[in-house]
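Report on the structure
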Amino acid sequence: MLKEQIKNKVLVVAAHADDETLGCAGTIAKHISEGDDVRIAFMTDGVSSRDNSSKQHEVERNSAMDKAMQVLGIKQYQCFSFPDNQMDSVPLLTIIKVIENVIDEFEPNIIYSHFAHDLNIDHQITHQAVMTACRPIKGSSVKEIYSFEVLSSTEWQSKSQSSFQGQYIVDISTYWHKKEQALLCYQDELREFPHSRSLPCIEALATLRGASHGFAKAEAFQVERIIKS
Ligand SMILES: [Zn+2]
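The structure presented is a predicted model; accordingly, all values stated were derived computationally and were not measured.

Criteria and thresholds
- Residues numbered from 1 in each chain as written.
- Predicted model: local features only at pLDDT ≥ 70, side-chain atom pairs only at ≥ 80, totals over all residues.
- Heavy atoms only, no water.
- Helix = DSSP H or I, 4+ residues; strand = E, 2+ residues; numbered from the N terminus.
- Rg over C-alpha atoms; globule rule 2.2 N^0.38 Å.
- Buried < 20%, exposed > 50% of the residue type's maximum accessible area, 1.4 Å probe, protein only.
- Contact = heavy atoms within 4.5 Å.
- Disulfide = S-S within 2.5 Å.
- Donors = N, O, S within 2.8 Å, 3.2 Å for Na, K, Ca; no water.
- Tetrahedral: all angles 85-135°; square planar, octahedral: opposite > 155°, others 65-115°.
- Salt bridge = Lys/Arg side-chain N within 4 Å of Asp/Glu carboxyl O.
- Core = buried A, V, L, I, M, F, W, Y, C linked by side-chain atoms within 4.5 Å.
- Polar contact = N/O pair within 3.5 Å; in protein donor to acceptor, adjacent residues only side chain to side chain.

**Some words on the overall build of the protein chain**
- For the protein chain, the helix and strand inventory stands at six helices and seven strands.
- Put simply, the protein chain runs from its N terminus to its C terminus through helices and strands in the order β-α-β-α-β-α-β-α-β-β-α-α-β.
- In terms of overall dimensions, the protein chain is globule-like: its C-alpha atoms have a radius of gyration of 17 Å, near the 17 Å expected for 229 residues.
- If one aligns the C-alpha atoms of the protein chain with their principal axes, the spans along those axes are about 60 × 40 × 40 Å.
- Within the protein chain, buried positions represent 49% of all 229 residues.
- For the protein chain, contacts bridging at least 24 residues in sequence account for 80% of all contacts bridging at least 6.

Take a look at the structure:
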């Protein structure tokens, strides 16, 4: 008799609600369709540094997030209220502890999070906190860590730093419609084309990542770590 297939436990650590959709919505939908357990940890409240910062905007963004989670089929997600665009005002250790707690409780084997050199400070700090929380020590559940790309941050990085290398490619051709639907939940966070965080540009990137590897649509990830035991 075939042994029951072991499912993956996947944790996405996103600085802001919408980063998970921009970075890896297709891959999330694919994991879920394969029966994997996918959870998301959001680091910030996503509103405090904005001009239109208000309770109303926070409520709207949370409702957008809830809708996007429904579209993607995510049942478990947690929000931590670190200050938006000011995560550098919080001791790094505090952020690491929060992520460590999530990992200790869920014991994921795969993690997706931000690229180290994104322009956005919260993305940089989230990356650093994830890598510290996932030190490859004996007994750690985490075997694979991938960085996703977020338009209007990853490609806007300082040119003095190493650029994003999309080495791990996930065919999301059959999940693109889910990504598009989830993006539309975050309508307020999208911009008019030719801004890079516009729907036509997000689709163009998925098409480029796909067609560069023989697929209609794909998401690319930089491999931070893969451990085979
Ligand atoms: Zn972000």
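**Re the state of the cysteines**
- Under the criterion given, the structure shown has zero disulfides.
- Cys24 carries a free sulfur, and the closest cysteine sulfur to it, the one in Cys134, is 15 Å from it.
- Looking at Cys24, the relative accessible area reads 0%, which means it is buried.

**Some thoughts on the coordination of the zinc ion**
- Around the zinc ion, the donor atoms from the protein are His16 (ND1), Asp19 (OD), Asp19 (OD) and His123 (NE2), and they sit 2.1 to 2.4 Å away.
- In this structure, the zinc ion is coordinated by four donor atoms arranged in irregular fashion, with angles at the metal of 56 to 135°.
- Sequence spacing among the residues donating to the zinc ion works out to H-x2-D-x103-H. Residue His16 is found in the loop between strand 1 (9-14) and helix 1 (19-33), and its partner His123 is found in helix 4 (residues 121-133); the two are separated by 107 residues along the sequence. Summarising the burial analysis for this pair, His16 and His123 share the class buried.

**Here's the deal with the pattern of salt bridges**
- Inspection of the entire model under this criterion finds eight salt bridges.
- The salt bridge partner of Glu189 is Arg61, with a shortest N-O separation of 3.3 Å. In this pair, Glu189 sits in the loop between helix 5 (176-185) and helix 6 (199-211) while Arg61 sits in helix 2 (residues 55-72), placing the two residues 128 residues apart along the sequence. Take Glu189 and Arg61: they sit in the same class, and that class is buried.
- A salt bridge links Glu203 to Lys217, with the shortest nitrogen-to-oxygen separation between them at 3.3 Å. You can see Glu203 sitting in helix 6 and its partner Lys217 sitting in the loop between helix 6 and strand 7 (218-226), a full 14 residues away along the chain.
- Salt bridges linked by common partners bring Asp18, Arg61 and Glu189 together as one network.

**Description of the nonpolar core**
- Within the largest apolar cluster, 38 residues are counted, with the highest numbers of intra-cluster contacts made by Val12, Ile28, Met69 and Tyr112.
- Elements supplying a minimum of two residues to this core: strand 1, helix 1, strand 2 (37-44), helix 2, strand 4 (110-114), strand 5 (144-148), helix 5 and helix 6.
- Leave out the neighbours within four places in its chain, and Tyr112 touches Val10, Leu11, Val12, Val13, Cys24, Thr27, His31, Tyr146, Phe148, Tyr168 and Phe221.
- Judged by nonpolar contacts, the second largest core, of 23 residues, contains Leu11, Ile111, Val130 and Cys134.

**Here's the deal with the side chain of Thr154**
- Position of Thr154 among the secondary structure elements: in the loop between strand 5 and strand 6 (168-171).
- In terms of polar contacts, Thr154 uses its side chain to reach the side chain of Asp118, at 2.8 Å.
- Polar side-chain contacts of Thr154 include one of 2.8 Å to the backbone nitrogen of Val150.
- Residue contacts for Thr154: discarding those within four places in its chain leaves Phe115, Asp118, Phe148, Glu149 and Phe164.

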